[in-house]
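Spelled out from the first residue to the last, the chains are:
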Amino acid sequence: MTAAETTQDGSGLRVHDLSWSARGTVIVDDVELTAPAGRITGLIGPNGSGKTTLLRAVARLARPDRGAVHLDGSDVARLRRRELARRLAVVEQHAGTDLDMTALDVVLLGRTPYRTALQADSGADRALALDALARVDMAGFAARKWSTLSGGERQRVQLARALTQQPGLLVLDEPTNHLDVSHALSLLTLVREAGLTSIAALHDLNLAAMFCDHVVVLRRGRAVAAGSPHDVLTPELLRDVYEVDADVGTHPRTGRPLLTFHPPAASQPPAPAPSSQEDS
Amino acid sequence: MGAAPATHAPAATEEPPVHTTAEPETGTGRRRTLRIGAVLAASVALLVTSVLVTVVLGQADISVRHVWTVLSDRLGLSFLQVDVVGLGADRPNEIRADIIWQLRLPRALSAIVVGAGLAVVGAIMQTLTRNPMADPYLLGISSGASLGAVLVIVGGVGAGVLGVSAGAFAGALLAFALVLVIGQRYGTLTPVRMILAGIAIGQLCGAVTSFVILWVADPHATQDVQFWMSGSLAAARWPSLRLAAVVLVAALLLCLWQARTLNAFAFGEDAAASLGVDVNRIRWLLLVACALLTGVLVAVSGAIGFVGLLLPHAVRFLAGPDHRAVLPLSALLGGVFLLWVDTAARTVFDPRELPVGVVTAMVGVPAFIWVLRQRRVQG
Ligand SMILES: Nc1ncnc2c1ncn2[C@@H]1O[C@H](COP(=O)(O)OP(=O)(O)O)[C@@H](O)[C@H]1O
Ligand SMILES: [Mg+2]
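The shown structure was predicted, so the numbers you read here are calculated from the model rather than taken from an experiment.

**Describing the overall build of chain B**
Next, step 1: Counting its regular elements, chain B contains 15 helices and 2 strands.
Next, step 2: The buried share among the 379 residues of chain B stands at 50%.
Next, step 3: Sequence-distant contacts in chain B: of pairs separated by 6 or more residues, those separated by 24 or more amount to 75%.
Next, step 4: Total accessible area on chain B stands at roughly 18100 Å², and carbon and sulfur atoms take up 68% of it.

**Structural notes on the overall build of chain A**
Next, step 1: Counting secondary structure elements, chain A contains 9 helices and 12 strands.
Next, step 2: Taken over the C-alpha trace, chain A has a radius of gyration of 20 Å; the compact-globule value for 280 residues is 19 Å, and the two agree within 12%.
Next, step 3: When the backbone C-alpha atoms are referred to their principal axes, chain A occupies close to 65 × 40 × 35 Å.
Next, step 4: Within chain A, buried positions represent 49% of all 280 residues.
Next, step 5: Nonlocal contacts in chain A, meaning residues at least 24 apart in sequence, comprise 63% of its contacts between residues at least 6 apart.
Next, step 6: Of the roughly 12500 Å² of accessible surface on chain A, a fraction of 50% belongs to carbon and sulfur atoms.
Next, step 7: Here chain A contributes 30 positive and 33 negative side-chain charges, whose respective centroids are spaced 7 Å apart.

**Quick word on the confidence of the model for chain A**
Next, step 1: In the predicted model, chain A carries a mean pLDDT of 89, and 91% of its residues have values of at least 70.
Next, step 2: This stretch, residues 1–7 of chain A, has a pLDDT under 50; its non-local contacts, to residues over four places away or in other chains, come to 16 contacts.

**Quick look at the site of ligand 1**
Residues and elements named next belong to chain A.
Next, step 1: Close to ligand 1 lie Trp20, Ala22, Ile27, Pro46, Asn47, Gly48, Ser49, Gly50, Lys51, Thr52 and Thr53.
Next, step 2: Gly50 has a polar backbone atom sitting 3.0 Å from an oxygen atom of ligand 1.
Next, step 3: With 3 residues, helix 1 (residues 51–58) is the largest single contributor of residues to the shell around ligand 1.

**With respect to the sheet that holds strand 2 (residues 25–35) of chain A**
Residues and elements named next belong to chain A.
Next, step 1: What the 4 strands build is an open sheet, ordered 2-1-4-5; its pairing is antiparallel. Bordering the open sheet on either side are strand 2 and strand 5 (74–75), each of which pairs with just one other strand.
Next, step 2: Examined bridge by bridge, strand 1 (residues 13–22) and strand 4 (residues 66–71) share 5 bridges and lie antiparallel to one another. Across the sheet, the residue bridging to Arg14 is His70, located in strand 4.

**Observations concerning the sheet that holds strand 8 (residues 197–201) of chain A**
Residues and elements named next belong to chain A.
Next, step 1: Pairing is mixed across the open sheet formed by 6 strands, whose spatial order is 6-7-8-3-9-10. Whereas interior strands pair on both sides, the edge strands pair on one side only; in this sheet they are strand 6 (88–91) and strand 10 (222–227). Here the strands of the sheet are splayed against their neighbours by 15 degrees on average, with no regard to which way each runs.
Next, step 2: Where strand 3 (residues 40–44) and strand 8 come together, 4 bridges link them in parallel fashion. Note on strand 8: the bridge partner recorded for Thr41 is Ile199.

**What about a nonpolar patch on the surface?**
Residues and elements named next belong to chain B.
Next, step 1: On the surface, a nonpolar cluster with roughly 460 Å² of combined accessible area is contributed by Val154, Phe211, Trp215 and Val216.
Next, step 2: With 3 residues, the top contributor of residues to the nonpolar patch is helix 7 (residues 191–216).
Next, step 3: With respect to the secondary-structure elements, Trp215 resides in helix 7.

**Some remarks on the UniProt feature "domain: ABC transporter" (unreviewed entry) in chain A**
Next, step 1: Those residues carrying the UniProt feature "domain: ABC transporter" (unreviewed entry) are residues 13–245 of chain A in this numbering.
Next, step 2: Strand forms 26% of residues 13–245 of chain A and helix 35%; the C-alpha atoms that close the span are 32 Å apart.

**Comments concerning the interface of chain A and chain B**
Next, step 1: Every contact between the two is made by 40 residues of chain A and, on the other side, 29 residues of chain B.
Next, step 2: Summed over both partners, the interface of chain A with chain B buries about 2800 Å², with 55% contributed by carbon and sulfur atoms.
Next, step 3: The salt bridge involving Arg56 of chain A is made with Asp270 of chain B; its shortest N-O contact spans 2.5 Å.
Next, step 4: For the pair chain A and chain B, the interface holds 4 residue pairs in polar contact (both at pLDDT 80 or more).
Next, step 5: Those elements that provide at least two residues to the side of chain A that touches chain B are helix 2 (81–87), strand 6, helix 3 (103–108), helix 4 (123–135) and helix 5 (151–164) of chain A.
Next, step 6: Element by element, the count of residues in the side of chain A that touches chain B is highest for helix 2 of chain A, at 3 residues.
Next, step 7: When grouped by side-chain class, the residues that make up the side of chain A that touches chain B number 18 nonpolar, 10 polar and 12 charged.

**As for the packing of aromatic side chains**
Next, step 1: Following the criterion strictly, the structure yields 5 aromatic pairs over all chains and no others.
Next, step 2: For the pair Trp146 of chain A and Phe267 of chain B, a centre-to-centre distance of 4.9 Å together with 80 degrees between the ring planes defines the contact as edge-to-face. Pair noted here: Trp146 of chain A is in the loop between helix 4 and helix 5 and Phe267 of chain B is in the loop between helix 10 (259–263) and helix 11 (269–274), and the two residues belong to different chains.
Next, step 3: Trp146 of chain A gets classed as buried once you look at its relative accessible area, which sits at 1%.
Next, step 4: Taking the relative accessible area as the measure of exposure, Phe267 of chain B reaches 8% and is therefore buried.

**Re the pattern of salt bridges**
Next, step 1: Throughout the structure, instances matching the rule amount to 13 salt bridges over all chains.
Next, step 2: The partner of Arg222 of chain A in a salt bridge is Asp29 of chain A, with the nearest N and O atoms 2.9 Å apart. Note that Arg222 of chain A is positioned in strand 10 and Asp29 of chain A in strand 2, a separation of 193 residues in sequence.
Next, step 3: For Arg222 of chain A, a relative accessible area of 41% gives the class partly exposed.
Next, step 4: Note on Asp29 of chain A: relative accessible area 23%, which makes it partly exposed.
Next, step 5: Among the salt bridges present, the one from Arg107 of chain B reaches Asp342 of chain B, with a minimum N-O distance of 2.8 Å. Of the two residues, Arg107 of chain B sits in helix 4 (residues 94–128) while Asp342 of chain B sits in helix 14 (residues 323–347), which places them 235 residues apart along the sequence.

**Considerations on the confidence of the model for chain B**
As a general rule, the predicted coordinates of low-pLDDT regions are not to be interpreted in detail.
All names here are of chain B.
Next, step 1: Confidence in the prediction of chain B, expressed as mean pLDDT, is 84, and 87% of residues score 70 or more.
Next, step 2: Per-element confidence in chain B ranges from a low mean pLDDT of 38 for helix 1 (residues 10–13) to a high of 95 for helix 14.
Next, step 3: Across residues 1–26, confidence stays below pLDDT 50; counting only partners more than four residues off in sequence or on other chains, it has 12 contacts.

**Comments concerning helix 5 of chain A**
All names here are of chain A.
Next, step 1: Taking 1.5 Å per residue, 14 residues should reach 20 Å; helix 5 reaches 20 Å between its end C-alpha atoms and fits that length.
Next, step 2: Of all 14 residues in helix 5, 12 are buried; the element is thus mostly enclosed.
Next, step 3: Of the residues making up helix 5, those classed as buried are Gly152, Glu153, Gln155, Arg156, Val157, Gln158, Leu159, Ala160, Arg161, Ala162, Leu163 and Thr164.
Next, step 4: Where helix 5 ends, the next residue or the one after it, Gln166, has phi of about 50 degrees, a positive value.

**Side note on the packing of helix 4 of chain A against helix 5 of chain A**
All names here are of chain A.
Next, step 1: Between helix 4 and helix 5, whose axes approach to 8 Å, the crossing angle comes to 135 degrees. Viewed along their axes, helix 4 and helix 5 adopt a mutual orientation that is oblique. Regarding helix 4 and helix 5, the two cross each other, and that crossing is right-handed. Of the residues in helix 5, those touching helix 4 at Leu128, Ala129, Ala132, Leu133 and Arg135 are Val157, Ala160, Leu163 and Thr164.

Conventions used here
- Residues numbered from 1 in each chain as written.
- Chains lettered and ligands numbered in written order.
- Predicted model: local features only at pLDDT ≥ 70, side-chain atom pairs only at ≥ 80, totals over all residues.
- Heavy atoms only, no water.
- Helix = DSSP H or I, 4+ residues; strand = E, 2+ residues; numbered from the N terminus.
- Buried < 20%, exposed > 50% of the residue type's maximum accessible area, 1.4 Å probe, protein only.
- Contact = heavy atoms within 4.5 Å.
- Areas by Shrake-Rupley, 256 points an atom, 1.4 Å probe, with all protein chains shown as cover.
- Rg over C-alpha atoms; globule rule 2.2 N^0.38 Å.
- Lys, Arg positive; Asp, Glu negative; His and termini not counted.
- Charge placed at Lys NZ, Arg CZ, Asp CG, Glu CD.
- pLDDT = per-residue confidence, 0-100.
- Near = heavy atom within 4 Å.
- Polar contact = N/O pair within 3.5 Å; in protein donor to acceptor, adjacent residues only side chain to side chain.
- Pairing = 2+ DSSP bridges.
- Axes fitted to C-alpha atoms, helices over the stretch in contact; angles between N-to-C directions.
- Patch = residues over 30% accessible without salt bridge, like charges linked within 9 Å, V, L, I, M, F, W, Y side chains within 5 Å.
- Salt bridge = Lys/Arg side-chain N within 4 Å of Asp/Glu carboxyl O.
- UniProt positions renumbered as here; feature names shortened; annotations may be inferred.
- Buried area = accessible area lost by both parts, 1.4 Å probe.
- Nonpolar A, V, L, I, M, F, W, Y, C, P; charged D, E, K, R; others polar.
- Phe/Tyr/Trp six-rings, centres within 6.5 Å; stacked < 30°, edge-to-face > 60°.
- Expected span 1.5 Å × (residues − 1).
- Parallel < 35°, antiparallel > 145°, perpendicular 65-115°, else oblique.
- Left-handed = near helix turned anticlockwise from the far one by under 90°.

If you want it as structure tokens, here you go:
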């Protein structure tokens, strides 16, 4: 089944027949996907399956060999960079800088696509930036130096910067990598509360099940399944794509799928109650 | 948790909202702007007084008022010579006037232009290559420029200021291109690889330069080698200064115009692209401008090291990383810095002169080591 159930009106993100290869090796292979407007779409798949590459092509950081990306009806390849930066913001896996910037400086970078060369940041820009910091629960951190922020705080500042771009689409590449459980949950909650069309490569399948409205599975560069977490995250698919045995239950509070995994060569005696061991 | 409210102290459920320091933070930006303004104004004042003072320093018996008189004469501003304090006119004699106008002033202004230009080139390169150690000298670009200039002079094809500068520009561009090609691997430039490539190219260009000069072997050969390899301002005169000043102003305006765009490179070029920057266009535009400026400066002064490394770091320390402050301040303070270094080089061991590059290296190498240790320079 592919993504057929969404957005007939052209809103949201649509990727058509996208391919990208490096030195003759096809890394993203003819991917077709849709990310419904105002929802979080999860991009999952094993390491090296092409999630980062696909997201880079969506954000026009990599030029695809073939195919097209449409954002709210317009062809991304035809937009000017500045225009694109007003409509699409990226949160990288771990952004870093050596510069002695404050959190507010970093967030204000999000106004770059709106300002001409010599224009100073207006009061409105600062207000937007401070508001974005408040939205990610970092209101008290505006004057803090980037170098003194923890991993979770940095990710939230980057999210605030992305929000300050006032984009229609948020592209997130493993935004919860290196974050502990509580920071991972709070970051994705913030993304959900932002209410933007979002596409996020996620490592942790339970997080994907919990936060995504739509899930797309990549295997060796191909989109092999797409749909709601319930439809997609099945034991058969997980065995097929990740080569693990998994039980899929229901999360007692959210009603979302809850996955528990077992080592591949499962020769242990069946335990009376499934141990709830998650992947990393 | 559904704890009974009665058993809990009211303070636990009804905590007063934590007051964050949003107010002073809004002020931080304004305070920083004020501070940058103050540093800028102070730098301009420092630059002007430095010129007046350093031109006076040296063997000939010259006073600040001599300098003032000569300057206002030459600039057609003689009406400024009103004798406000009633000390009587203080006209320098012909020889002193010549020393001031033909030697000291062009030398001082050349030091300013070269220092300013090298500092701006360093700042731009450090940003565009994300390499805190980037410097036109360490990256071999100045040596490439020297080689280009020497080849033009030796080849005798239009050895005027323009010809030599054009040769230096070509050499700088070629050396830079080689460093970028050698320094990159799988499409990424790591800082340490880039520096190593720069040192290699710099050594090669230096060796060829020495070879060419000694091959031609005119009587000043060793002096020439020293000029092109470690720099000197002793030969600075008006014609070369004029061209360098024009190119400096043009390059500075271009870079200032791109200051906001340069800020967007803080998190790397992909981050810059996703903020709407046309990364390739900016990179080509500014790196070619850097090579041009380096070439023209080297034609004036030979290859002077470490100014481009040192000054941008000092300026960021003073004023933060925003290029709208970093670029003009680097120019101003780079000018002041090299002016004083050159003055020290020509006066401390008077009548003998130290090569200015020797002094900048003595200041610059400790700074280089500091940068190397301070920052997490990935290799
Ligand atoms: N520029 C490149 N050149 C060569 N191979 C690449 C390049 N970028 C990515 N790859 C390869 O493409 C595959 C997919 O990478 P990536 O998109 O990062 O996967 P994921 O994010 O799903 O882990 C990997 O095998 C990686 O080595
Ligand atoms: Mg990845």
